[in-house]
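A structural walkthrough
Each chain, letter by letter, is given below.
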Amino acid sequence: MPRGRDDSRGSPTGEFDYVIVGAGTSGSILANRLSEDGSTVCVLEAGPRDLNPLIHIPAGYIKNIYSKTLTWNFSSTPSPYTDNRSFSLPQGRVLGGSSSINGLNYVRGQRSDYDGWAQRGNAGWSYRDVLPYFKRSEMRIGPGDDRVRGRSGELPITDLDWKHPICEAFIQGAEQLGIPRNPDYNSGDQGGSGYFQRTIKNGFRYSAARAFLSKARKRKNVDIRTDSQAARIVFEGRRALGISYWKGGATGRFEYVHARREVILTAGALNTPKLMQMSGIGPADVIQAIGVPLVHELPGVGNNLRDHYGVRMVARLKNIRTINNMVQGPPLLLEMMRWAIGRPNLLAVSPSLVSLFWKSDPALDIPDLEYVFTPASFREGVVGLLDKFPGMTLGVWQTRPESLGYVKARSADPFEKPEIQPNYFSHEIDRRALLGGMRAGLKMLQTKPLQPWLQAVTAPAPDLRSDDELLGWARAKGITVYHMIGSARMAPQTDRQAVVDNELRVYGLEGLRVCDASVMPSMPSGNTNAPTMMIAEKAADMIRGRKLEPIDA
Ligand SMILES: Cc1cc2nc3c(=O)[nH]c(=O)nc-3n(C[C@H](O)[C@H](O)[C@H](O)COP(=O)(O)OP(=O)(O)OC[C@H]3O[C@@H](n4cnc5c(N)ncnc54)[C@H](O)[C@@H]3O)c2cc1C
């Protein structure tokens with residue numbers, strides 16, 4: 001019988017109060033919080049344990065995002081808006097999920113992101129409501145206003161300790177363009193530039209698994225099952241009863257775990273909608289096409305997928321050593337030694353060092369662009385290899401994209417990859433914003449403080465400066481920023497695309513919630529790990545019938 005069409009549930013392997021599918025950013029937090037009071041929790045994770053040392057050394061990022069074993073190896077369907085290119089879309093497939101392979105930058109977004117979620121009918125998700133949940137996870141090490149920053153959570157957030165003159169010159173140059181320094185872009189007031197805050201402490205990456213799951217793992221009431229890939233949510237009528245899954249891959253054992261209270265989906269914005277569709281929840285045509293019985297029609301499952309789409313502008317430098325020259329050959333040994341003795345070093349930095357949030361149009365009242373700056377540059381057309389000469393890179397993306405994509409299961413086989421169409425750059429607003437971002441970025445790369453070292457801007461090439469040329473370059477060279485969200489959208493039931501209510505319960509069904517990046521109603525203005533953590537923290541309280549007091553700050 002083909003995989004996934006097997007009507008049996010699989011061999012029973014016990015029952016728990018909660019069954020969580022996916023031990024990534026959100027699943028790790030939920031496992032930790034839900035087991036605090038003695039409730040029993042089973043966590044199913046398709047990937048392996050996080051034993052690979054490159055997960056834990058921040059510089060390992062550059063290898064692991066291309067790992068065949070630690071990611072899902074997904075790629076996008078080509079689209080004419082991005083010159084019919086297919087994008088590699090890595091998602092973590094290991095304990096910690098994408099937080100084990102991500103770029104380590106901690107960014108909460110803007111006050112108006114969450115106020116916007118509430119205004120669109122999602123009561124309880126305004127900035128004042130979500131702020132206590134951002135704070136609860138966080139162990140901020142460094143300056144910050146304690147009204148908005150957490151000090152006693154599980155996740156260390158540190159400042160960059162490795163400095164480079166080009167970074168300072170870039171920030172000074174931005175100041176000369178009227179973009180102020182911002183001492184804390186996570187304070188609720190995002191505009192300006194400064195250094196990224198990172199999920200790194202003492203030279204090590206703090207994935208959600210390291211920060212949260214490691215605590216849950218020590219409890220007897222928690223069972224973490226790796227190499228266990230959910231194949232189907234099992235229903236009795238409209239109630240989710242448990243999960244059928246493959247232990248040990250496609251040739252392994254087919255098993256079933258029962259949930260006494262709830263099944264919680266935290267498989268990420270690509271796998272959660274795929275699992276729902278394979279379980280008969282989603283758009284009727286998609287369910288019919290994959291040949292599984294329709295359990296509940298929800299047209300929004302898999303739709304409303306958003307991601308950030310950005311470009312990397314590059315300049316060649318002279319008379320200075322940049323990261324390019326410091327991590328190739330013998331200088332790398334020096335950095336390794338510095339890492340080993342706990343001195344500031346290049347193995348313990350996030351891939352992007354300087355942050356800058358600004359506006360694509362001066363008429364806007366809040367930033368709509370995120371810039372990431374690093375004194376390093378990649379070889380043109382070569383994945384993951386740095387230039388041999390000194391260089392600097394300024395990436396930019398529009399923070400709140402309007403382009404909408406989708407995810408569709410291609411069959412009922414859990415091991416078949418889904419069709420993913422992000423539709424990057426398909427919306428005019430996105431193209432206008434990125435054009436403004438490129439124009440401002442080119443100025444930022446050529447300010448007076450950078451002149452002593454600047455040789456030439458090499459990408460986009462100097463002969464590409466008209467609107468059409470820059471947009472053409474962005475279409476041809478743009479990249480994913482790996483921030484998939486929105487494919488199981490939280491919205492009031494009056495919205496035809498709504499998948500979950502404001503307590504993250506799946507509409508029309510019982511005992512089933514989605515608590516990961518899929519539920520975001522719109523893109524927060526920044527990277528998505530911190531907002532996903534906030535969602536999981538809040539979900540844990542909703543499930544337990546608790547609530548932290550809102551904070552007015
Ligand atoms: C390369 C990369 C770089 C990034 N950089 C940053 C950054 O610098 N800062 C930032 O804030 N954000 C960043 N992000 C985004 C951020 O990491 C994600 O938004 C966040 O981790 C999403 O959390 P999640 O819980 O929704 O999903 P994930 O963390 O991806 O977790 C999903 C988990 O579910 C498991 N799973 C999936 N399907 C199944 C199944 N059927 N059965 C069992 N288990 C399953 C997966 O293996 C995975 O472990 C980056 C992401 C990537 C991929």
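Residues numbered from 1 in each chain as written. Predicted model: local features only at pLDDT ≥ 70, side-chain atom pairs only at ≥ 80, totals over all residues. Heavy atoms only, no water.

An unreviewed UniProt entry annotates the chain as GMC family oxidoreductase N-terminal domain-containing protein of Mesorhizobium opportunistum. UniProt, in its Cofactor (unreviewed entry) section for the chain, records the words "FAD". (UniProt positions renumbered as here; feature names shortened; annotations may be inferred.)

Here we take up the packing of aromatic side chains. Taken as a whole and judged by the stated rule, the model has 14 aromatic pairs. The interplanar angle of 45° and the centroid separation of 5.0 Å between the aromatic rings of Tyr309 and Phe425 together place this pair among those described as tilted. Highlighted residues: Tyr309 in strand 17 (residues 309-317) and Phe425 in the loop between strand 22 (419-421) and helix 12 (428-444), separated in sequence by 116 residues. A network of ring pairs unites the aromatic residues Phe87, Tyr309, Tyr424 and Phe425 as a single cluster. The residue whose ring lies beneath Arg210 is Tyr206, and the NZ or CZ to ring-centre distance is 4.9 Å. In this arrangement the basic side chain of Arg316 is found over the ring face of Phe389, its NZ or CZ atom lying 3.7 Å from the centre. (Phe/Tyr/Trp six-rings, centres within 6.5 Å; stacked < 30°, edge-to-face > 60°. Helix = DSSP H or I, 4+ residues; strand = E, 2+ residues; numbered from the N terminus. Lys NZ or Arg CZ within 6 Å of the ring centre and 35° of its normal.)

This paragraph deals with the site of the ligand. Around the ligand lies a shell of 37 residues, among which Thr25, Ser26, Glu45, Ser98 and Thr528 are the nearest. Within the backbone of Ala517, a nitrogen or oxygen atom sits 3.1 Å from an oxygen atom of the ligand. A distance of 2.7 Å separates an oxygen atom of the ligand from a polar side-chain atom of Thr528. When the ligand sits alone it has 1000 Å² of accessible area, and the protein chains cover 97% of it. Per-element accounting of the shell around the ligand gives the leading share, 3 residues, to strand 12 (residues 228-236). For the shell around the ligand, the residue count by class is 13 nonpolar, 21 polar and 3 charged. (Near = heavy atom within 4 Å. Polar contact = N/O pair within 3.5 Å; in protein donor to acceptor, adjacent residues only side chain to side chain. Areas by Shrake-Rupley, 256 points an atom, 1.4 Å probe, with all protein chains shown as cover. Nonpolar A, V, L, I, M, F, W, Y, C, P; charged D, E, K, R; others polar.)

This next bit is on the packing of helix 1 (residues 25-34) against helix 14 (residues 529-544). Running from N to C, helix 1 and helix 14 cross one another at 30°; their axes reach a closest spacing of 9 Å. Like other packed secondary-structure pairs, helix 1 and helix 14 cross with a definite hand, here right-handed. Of helix 14, the residues touching helix 1 (which contributes Thr25, Ser26, Ile29, Leu30, Arg33 and Leu34) are Asn529, Thr532, Met533, Ala536, Glu537, Ala539, Ala540, Ile543 and Arg544. Counted by class, the contact of helix 1 with helix 14 contains 8 nonpolar, 4 polar and 3 charged residues. (Axes fitted to C-alpha atoms, helices over the stretch in contact; angles between N-to-C directions. Left-handed = near helix turned anticlockwise from the far one by under 90°. Contact = heavy atoms within 4.5 Å.)

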